[in-house]
Amino acid sequence: MKFIVKGKPQGKARARTFYNGRLGKMQSMTPQNTVDYENLVRWSYKAAGGTYYGKGLFRVVIRAIYDIPASFSKKKREAAAMGEIKPCVKPDVDNITKSILDALNGVAYYDDSGVIELKVSKEYGDSARVEVEIECLTE
């Protein structure tokens, strides 16, 4: 199953923990931009015809594609388009992975602990997006 999440790749932000005086205890909240991005991932998966696999073993390939910066020279833009220059920008691949895999919990599979193979890459392309491929290894 392959699907595309349009827009700039986003990583999973840390939950914010604070003391809630009304409740008299500590509380943690996921930042709204992370919640919105995970909802976009879920929607993109369902819109592409994704189905729920349940429990099983999975192989996942994630390609985070960034826009080529306008500040690049013509020569540097061509090199980026050919894959000779890779984006060394935030978010880190581990945070991108976390946001994609966590978003698909309960939507594509029961839990991302079933992901036993993972390949993640960052590159430049014509439009910012994240391409995700999920393969169920169990029948």
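Bear in mind that the values here come from a model prediction, so they are computed numbers and not experimental data.

Asker: Looking at this model, I keep getting lost on the overall build of the chain. Mind explaining?
Answerer: When its secondary structure is counted, the chain shows three helices and six strands. What you see in the chain, going N to C, is helices and strands ordered as β-β-β-α-β-α-α-β-β. If you line up the chain on its principal axes, its C-alpha atoms span 60 × 45 × 25 Å. Looking at the chain residue by residue over its 139 residues, the buried ones come to 35%. Long-range contacts, defined as pairs at least 24 residues apart, comprise 79% of the intrachain contacts of the chain with a sequence gap of at least 6. When the accessible area of the chain is evaluated, it comes to approximately 8600 Å², of which 52% is carbon and sulfur surface. The chain carries 23 positive and 17 negative side-chain charges, and their two centres are separated by 6 Å.

Asker: Just to check I follow, could you spell out the pairing of strand S1 (residues 2-6) for this structure?
Answerer: Working note: regular strand, side chains alternate between the two faces of the sheet. Only one face of S1 is covered, namely the face carrying Phe3 and Val5; the face carrying Lys2, Ile4 and Lys6 is uncovered. In this structure, S1 lies alongside strand S6 (residues 129-136), joined through five bridges in antiparallel fashion. When the sheet's bridge partners are listed, lysine 2 is paired in S6 with glutamate 133.

Asker: Teacher, can you tell me more about the nonpolar core here?
Answerer: Taken as a class, soluble globular proteins show a tendency for nonpolar side chains to be buried jointly. Ranked by size, the top nonpolar core spans 26 residues in total, and within it Phe3, Val41, Ile100, Leu104 and Ile134 carry the most contacts. Looking at this core element by element, the count peaks at five residues for strand S4 (residues 58-67). The residues contacting isoleucine 100, other than those within four sequence positions of it, are Tyr37, Val41, Ile62, Tyr109, Val130 and Val132.

Rules behind the numbers
Residues numbered from 1 in each chain as written. Predicted model: local features only at pLDDT ≥ 70, side-chain atom pairs only at ≥ 80, totals over all residues. Heavy atoms only, no water. Helix = DSSP H or I, 4+ residues; strand = E, 2+ residues; numbered from the N terminus. Buried < 20%, exposed > 50% of the residue type's maximum accessible area, 1.4 Å probe, protein only. Contact = heavy atoms within 4.5 Å. Areas by Shrake-Rupley, 256 points an atom, 1.4 Å probe, with all protein chains shown as cover. Lys, Arg positive; Asp, Glu negative; His and termini not counted. Charge placed at Lys NZ, Arg CZ, Asp CG, Glu CD. Pairing = 2+ DSSP bridges. Core = buried A, V, L, I, M, F, W, Y, C linked by side-chain atoms within 4.5 Å.

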